[in-house]
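Take a look at the letters that make up each chain.
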Amino acid sequence: MISSTTVLFVLLLITVTAYYIGLRRSLAVAGGQEHVRKLHSRPPYYGAMTALWCGIPALIIFFFWQVFEADIITNLVVSGLPDNIRDLPADQINLIVNDIRNMAAGNIVSTQAGQVIQDAATHYDQLQKTSHGALAVVVVCVCILGLVIVRQKISKSTRARNQVERIILWLLIACSTIAIFTTVGIVLSVLYEAIRFFKAVSVTEFLFGLSWSPQIAIRSDQVGSSGAFGAVPVFTGTLLISAIAMAVAVPIGLMSAIYMSEYANKTFRAAAKPLMEILAGIPTVVYGFFAALVVAPVIRDTGQWIGLDVSSESALAAGLVMGIMIIPFVSSLSDDMINAVPQELRDGAYGLGATKSETIKQVVLPAALPGIVGSILLAISRAIGETMIVVMAAGLTANLTLNPLKTVTTVTVQIVTLLVGDQEFDSPKTLAAFALGLLLFLVTLCLNIIALIVVRKYREQYE
Amino acid sequence: MNRRSYSVSDNGIRPIDIVKKNLAGRRRAERRFRRMGLAAIIASLIFLALLFVSIIGNGYSALFQTYIKIDIFFDPGKIAKNDPSNGDYQGIVKASLRTMFPDVKGRSEKRSLNKLVSSGAAFQLRKMVLADPTLIGQKRSIWVPADDDVDMLMKGHLSRQGDTRSGRFSDKQLQWLDRLEAEERVRKKINITFFTAGDSREPELAGVWGAVAGSFFTLLVTLMLSFPIGVAAAVYLEEFAPKNRWTDLIEVNINNLAAVPSIVFGLLGLAVFLNFFGLPRSAPLVGGLVLTLMTLPTIIIAGRAAVQAVPPSIRDAALGVGASKMQTIMHHVLPLAMPGMLTGAIIGMARALGETAPLLMIGMVAFIVDIPGGFTDPATVLPVQVYLWADSPERAFVERTSAATLVLLIFLFAMNGLAVYLRKRFERRW
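This structure is a prediction, so every number in the text was calculated from the model and none was measured.

(A) Representation of the overall build of chain A within the structure. Looking only at helices and strands, chain A has 16 helices and two strands in total. For chain A, whose C-alpha radius of gyration is 31 Å, the value lies well above the compact-globule estimate of 23 Å for 463 residues. Referenced to the eigenvectors of the C-alpha coordinate spread, the extents of chain A come out at roughly 80 × 75 × 35 Å. Out of the 463 residues belonging to chain A, those deemed buried represent 42%. Taking contacts inside chain A between residues at least 6 apart in sequence as the whole, the part at least 24 apart equals 73%.

This is the structure we're talking about:
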């Protein structure tokens, strides 16, 4: 079987060759190196033009082929199955197709494979081989065709540079639209699954229900067969942990930003700032491990010592560590905002006889307030969306409580636990994760947009 | 006008007196405020120190592993000479242990004796025999890895007595270990397995190499996609894009995507790449695609700043001698902006290396023993490995998790250090 990597490699080789063929051709048309001036563009542009026309169409075909290959082959195989299998319901056919695919890939098959499935697997394998071979042939043909046609067309007056530049410009535009496609992709994929979830569970039950236990029984007649999908406990858990985190991060972050920008001398700043940045660069999984290994036991033991009943997965531990993670975020953003306050304002306050701290508290901070609020909003959105710390240090049970010593769960923890591991993709349990994801996306989106507008307005104010 | 009316109020107190009276208090408030700021910075530095101390303190001992020297008899009755790959190596280890401790009787005692040595010993012997078949029939003294509990005991993480809660070691086992130690058959050696092996359920056989390879492939995909795309987008937005609604929309999107929680990108990857396009689960290819979408905003924003920093005079000069706009950018602006863009890309890569949550969504949490060899092999990455080990109940995984964290942090420091170096080396003031 010809692998896709090989095809891509051959494609690359032909494209590179095309560059040199185009280059040589242009020189030949001009009549040698000394007559280059007679060409419309410089020779490398002819090379680049040939290479682009040779490589891009072939790449596009390659891409679409890869995308649609699996579906087409599956349909072909399914239509080749005996009638009694094709009449089965869709989900059973899916299972069979899965078996066929696994078998064709040489994996162990879950059920005892019948003769029919074995035949289908061979069929699948054959089709795949044919498809790969055909893809290789088609791509190489298109490549060479492009090469030959463009080579023929090269003349002294061919506007090669303009063509190349236009193609590059379109490539640049395509690259810059990926951000839009990503957003659209996020919204569509999350929304689509969330709507399917809301067909099974009503929106009001999800938004206002007080009990969250997303267990779905295997048989429908089992006790507790339908789970409870009231997300309020999950929201309160998220808010509780975020609030603890902000209670740690905002005072410490803000005070260190003030000290850094207003008091610290150059050497102190040069030493302390990179260290604070290290705090920002540590992966969240490391914070999570730290929370679970060190902070949670310390908090639990302290609680026991003073006679409090502290859960070993308390919201306090997760929130505290999350707060530490957010400190550098708050401090660097507030630092920017404080530095953006014009020096004249400070000088005015000093001129009136204010001390430094009075200037900061009564002039600088009020002036920087919109910016600081914006950065705190961004920090909140970060805390809400933070995953690894809470997955490792907070619990799974959804308690409706505001007690920071109890176990609570968060939106992100629920998404991870619902989606990690084997799941069937259609159960409300899995789809609930997407509903939570949609909510998470919307909330953080609102916070971000408000924060960005506030910060931008603030920046403009002093420019 | 009478000058006195300014300086003295009606009841005869001059303002300067009020100022002087309050001055001490104001100065105290000033000092208090200043100390609070310093305390805030010191607090965050203490957190940092605590984090590192606890991780290094827990992790350094994973660099060593306890080995036990046992006299192995490569019994020809258990390994067929013509087919050494299917021998009963476990049996050889057990038999050798029994000859070393002939007084051990009874099934349960034998079992607890066998527990002293790692199950990896059999694989080690198999490898040796496959490399050198003449070993069959000979007797050798061989260092084999000890079981993880023995390892923990030797390192002092488990106590010999009093640990009634777990009750890991029987008195007999402790006696045997004492005898082995007295005969100098127990030794701590550098733990090479940790750096060369893939994941394992047995802590003494588990290593980070599989995760490092997975991270490498994932980041390679991310870099190859996100850097060219990010640079192209930054150049277009800074140099070509007309100021209209469309480009405003792109800008808002980029800024917003930079702040979207990473787990949402995981949901996107699950729904689009896995369920819609049918790409394989757990593959570095998909992980790389998801991380590309996640790091793109960072790289685009850094790239735009770098393009902005190139002074307009460069562009004017190039245009002045007759270069086209594209030539100006490709030949002059881009090379000058490249160091800044590279720095941004490295920082983006460092973020991608530490990212865990979106990769959980696309199935990179599977238990994978084999070292991945390509972009579509099932793989896991370093931070996910940390997460997986942190969940394991064995005591020996605590030190391995910390050590894996250290490996991850070392990579991150190296990348960030490179970024800082590049910035310093190529920074230009115009």
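Once you've had a look at it, read on.
(B) Representation of the overall build of chain B within the structure. When its secondary structure is counted, chain B shows 17 helices and three strands. Computed over C-alpha atoms, the radius of gyration of chain B comes to 32 Å, more than 25% over the 22 Å expected from 2.2 N^0.38 for 430 residues, which places it beyond the range of a compact globule. In terms of its C-alpha atoms, chain B occupies a principal-axis envelope of roughly 115 × 75 × 40 Å. Per-residue burial for chain B yields a buried fraction of 42% across its 430 residues. Counted over contacts in chain B with a minimum sequence separation of 6, partners at least 24 positions apart contribute 77%.

(C) Up close: unusual backbone geometry. Residue and element names in this part refer to chain B. Look at Glu184: it is not a glycine, yet its phi comes out positive at around 60 degrees. Although it is not a glycine, Ser282 sits at a positive phi angle of roughly 60 degrees. One can find Ser282 in the loop between α11 (262-276) and α12 (284-309).

(D) Structural view of the confidence of the model for chain B. Residue and element names in this part refer to chain B. For chain B, per-residue confidence averages 86 on the pLDDT scale, and 95% of positions sit at 70 or higher. The low-confidence segment residues 1-5 (pLDDT under 50) makes zero contacts with residues lying over four places distant or belonging to another chain. Confidence metrics for the complex model read pTM 0.88 and ipTM 0.88.

(E) Geometry of the interface of chain B and chain A. Taken together, the 68 residues of chain B in the interface contact 69 residues of chain A. Per element, the largest residue contribution to the side of chain B that touches chain A is 17 residues, and it comes from helix α2 (residues 15-59) of chain B. Taken together, the residues of the side of chain B that touches chain A sort by class into 50 nonpolar, 15 polar and three charged.

(F) Structural detail: the sheet that holds strand β3 (residues 186-190) of chain B. Residues and elements named next belong to chain B. Reading across from one edge, β2-β1-β3 is the order of the three strands in this open sheet, with antiparallel pairing throughout. Edge strands, defined here as strands with exactly one partner in the open sheet, are β2 (139-145) and β3. Averaged over all adjacent pairs, the angle separating strand axes in this sheet is 40 degrees, with direction ignored.

(G) Main features of the domain arrangement of chain B. Along its sequence, chain B is organised into domain 1 (4-60), domain 2 (62-203) and domain 3 (209-426). Between domain 1 of chain B and domain 2 of chain B, the C-alpha centre-to-centre distance is 63 Å.

(H) Spotlight on the nonpolar core. Residues and elements named next belong to chain A. Counting residues in each nonpolar core, the largest one holds 216 residues, and the members touching the most others are Ala291, Ala318, Val321, Ile389 and Ala393. For this core, the leading source of residues is helix α8 (residues 232-263), giving 17 residues. In this structure, Ala291 is in contact with Ala296, Ala317, Ala318, Val321, Ile389, Met392 and Ala393, ignoring residues within four places of it in sequence. Ile14, Leu23, Tyr46 and Cys54 belong to the second largest nonpolar core, which has 25 residues in total.

(I) Region of the structure containing the domain arrangement of chain A. Assigned domains of chain A: these are domain 1 (4-158) and domain 2 (228-461). Summarising the inter-unit geometry, the C-alpha centres of domain 1 of chain A and domain 2 of chain A are found 48 Å apart.

(J) Looking closely at helix α4 (residues 90-104) of chain A. All names here are of chain A. Across its 15 residues, α4 extends 21 Å between first and last C-alpha, which sits within 8% of the 21 Å expected from 1.5 Å per residue. Residues of α4 that are buried include every one of Ile96, Asp99, Ile100 and Arg101, and no others. For α4, the elements touching its buried residues are α2 (43-80), α3 (83-86) and α5 (115-153).

(K) Fine view of the packing of α8(A) against helix α13 (residues 356-385) of chain A. All names here are of chain A. Close contact between α8 and α13 brings their axes to 10 Å; oriented N to C, the two are set at 140 degrees. By the angle between their directions, the pair α8 and α13 is classed as oblique. As α8 runs across α13, the sense of the crossing is right-handed. Two secondary-structure elements touch here, α8 through Thr238, Ser242, Ala245, Met246, Ala249, Val250, Ile258 and Glu262 and α13 through Lys356, Ile360, Ile376, Ala379, Ile380, Ala383 and Ile384. Residue composition of the contact of α8 with α13, by class: 11 nonpolar, two polar and two charged.

(L) Local environment of the environment of Lys78(B). All names here are of chain B. Along the chain, Lys78 turns up in the loop between β1 (64-73) and α3 (89-100). Along the backbone, Lys78 and Val53 are 25 residues apart, and their C-alpha atoms lie at a distance of 49 Å. When residues no more than four places from it in sequence are discounted, the contact partners of Lys78 are Gly87, Asp88, Gly91 and Ile92.

(M) Highlighting the environment of Ile41(B). All names here are of chain B. For Ile41, the location among the structural elements is in helix α2. A residue is classified by how many C-beta atoms lie within 10 Å of it, and Ile41, with 24 of them, is buried. Between the C-alpha atom of Ile41 and that of Phe169, which follows or precedes it by 128 residues, the distance is 47 Å.

(N) The arrangement of the packing of helix α14 (residues 325-354) of chain B against helix α17 (residues 396-426) of chain B in detail. Residue and element names in this part refer to chain B. As a packed pair, α14 and α17 sit with axes 9 Å apart at the nearest point and diverge in direction by 170 degrees. As far as their axial angle goes, α17 and α14 are roughly antiparallel. Contacts between α14 and α17 involve Pro339, Leu342, Thr343, Ile346, Ile347, Met349, Ala350, Leu353 and Gly354 from the first element and Leu408, Phe411, Leu412, Met415, Asn416, Leu418, Ala419, Leu422, Arg423 and Phe426 from the second. For the contact of α14 with α17, the class distribution of residues is 15 nonpolar, three polar and one charged.

(O) Expanded view of helix α15 (residues 411-419) of chain A. Counted residue by residue, α15(A) has seven buried out of nine residues, so it is predominantly covered. Listed as buried for α15(A) are Val411(A), Thr412(A), Val413(A), Gln414(A), Ile415(A), Val416(A) and Leu419(A).

(P) How the structure looks around the environment of Val285(A). Assignment of secondary structure puts Val285(A) in helix α10 (residues 284-305). Once the C-alpha coordinates of Val285(A) and Ser4(A) are considered, the two residues, 281 residues apart in sequence, prove to be 35 Å apart. Leaving out residues up to four positions away in the same chain, Val285(A) has contacts with Met388(A), Thr356(B), Pro383(B), Val386(B) and Tyr387(B).

Cut-offs and rules
Residues numbered from 1 in each chain as written. Chains lettered and ligands numbered in written order. Predicted model: local features only at pLDDT ≥ 70, side-chain atom pairs only at ≥ 80, totals over all residues. Helix = DSSP H or I, 4+ residues; strand = E, 2+ residues; numbered from the N terminus. Rg over C-alpha atoms; globule rule 2.2 N^0.38 Å. Buried ≥ 20, exposed ≤ 12 C-beta atoms within 10 Å, placed from the backbone. Contact = placed C-beta atoms within 7 Å. pLDDT = per-residue confidence, 0-100. Nonpolar A, V, L, I, M, F, W, Y, C, P; charged D, E, K, R; others polar. Pairing = 2+ DSSP bridges. Axes fitted to C-alpha atoms, helices over the stretch in contact; angles between N-to-C directions. Domains from an automatic or database assignment. Core = buried A, V, L, I, M, F, W, Y, C linked by C-beta atoms within 7 Å. Expected span 1.5 Å × (residues − 1). Parallel < 35°, antiparallel > 145°, perpendicular 65-115°, else oblique. Left-handed = near helix turned anticlockwise from the far one by under 90°.

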